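Coordinate inspection notes
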Amino acid sequence: MRLNEISYNDAVPIDGYGPGFFRIGGKKIEGKVVVSPNGVTAWGGFDDTAVILDQAAALDVLFVGMGAEIAHLPADFRKTLEDAGIGVETMASPAACRTYNVLLSEGRRVGVALIPI
């Protein structure tokens, strides 16, 4: 087995999560959050697209963690992001955290918007 050390450049990995919080870059963050190559930002939910659109130039795809279970995104939210050129993938928050970390370790231009479990 070959092991490689991972370098995350400017973006921070998601270290863990629990009821109502995420641990990102070693810091515990309560509530909804957006993590992108530009940093970690509190997120107001699906009505708060400005936080994500400000990151559009740095993102190719945004994973949206819907909490403990996968659910459909509001159509207006998805359309707004796709019109800005951001691909959107929906999944449960634990899966979104793992997928974000894997693609981040590959140097991809990814972000994640998370609703806590």
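Above this note sits the structure.
Description of the structure in this document. Predicted model, so just to flag it, every value in this text is computed and none were measured. (Residues numbered from 1 in each chain as written. Predicted model: local features only at pLDDT ≥ 70, side-chain atom pairs only at ≥ 80, totals over all residues. Heavy atoms only, no water.)

1. With respect to the overall build of the chain
Counting its regular elements, the chain contains three helices and eight strands. Its helices and strands in sequence order give the chain the pattern β-β-β-β-β-α-β-α-β-α-β, from N to C terminus. Rg of the C-alpha trace for the chain: 13 Å, near the compact-globule value of 13 Å for 117 residues, within the 12% margin. Seen along its three principal axes, the alpha-carbon backbone of the chain occupies a region of about 45 × 30 × 25 Å. (Helix = DSSP H or I, 4+ residues; strand = E, 2+ residues; numbered from the N terminus. Rg over C-alpha atoms; globule rule 2.2 N^0.38 Å.)

2. Examining helix H3 (residues 93-105)
The terminal C-alpha atoms of H3, which comprises 13 residues, lie 18 Å apart, in line with the 18 Å expected from a rise of 1.5 Å per residue. Those residues of H3 that are buried lie in contact with strand S1 (14-18), strand S2 (21-24), strand S4 (33-36), strand S6 (61-65), strand S7 (87-91) and strand S8 (110-114). (Expected span 1.5 Å × (residues − 1). Contact = heavy atoms within 4.5 Å.)

3. Some remarks on the pattern of salt bridges
Inspection of every chain in the model, using the stated rule, returns five salt bridges. A salt bridge links Lys79 to Asp83; its shortest N-O distance comes to 2.8 Å. On the criterion of helical spacing, the pair formed by Lys79 and Asp83 is a turn pair, its members being four residues apart in helix H2 (residues 75-83). Look at Asp83 and you get exposed, because its relative accessible area is 57%. When the shortest N-O distance is used, the salt bridge between Glu106 and Arg108 registers 3.9 Å. By relative accessible area, Arg108 is classed as partly exposed at 47%. (Salt bridge = Lys/Arg side-chain N within 4 Å of Asp/Glu carboxyl O. Buried < 20%, exposed > 50% of the residue type's maximum accessible area, 1.4 Å probe, protein only.)

4. A word on the sheet that holds S2
Strand pairing within a sheet occurs via backbone hydrogen bonds; the two strands may be parallel or antiparallel. Here we have three strands laid out as an open sheet, ordered S1-S2-S3, and antiparallel in their pairing. Edge strands, defined here as strands with exactly one partner in the open sheet, are S1 and strand S3 (27-30). Neighbour-to-neighbour, the strand axes of this sheet turn through a mean angle of 20°, independent of strand direction. Bridging between S2 and S3 involves four bridges; their strand directions are antiparallel. (Pairing = 2+ DSSP bridges. Axes fitted to C-alpha atoms, helices over the stretch in contact; angles between N-to-C directions.)

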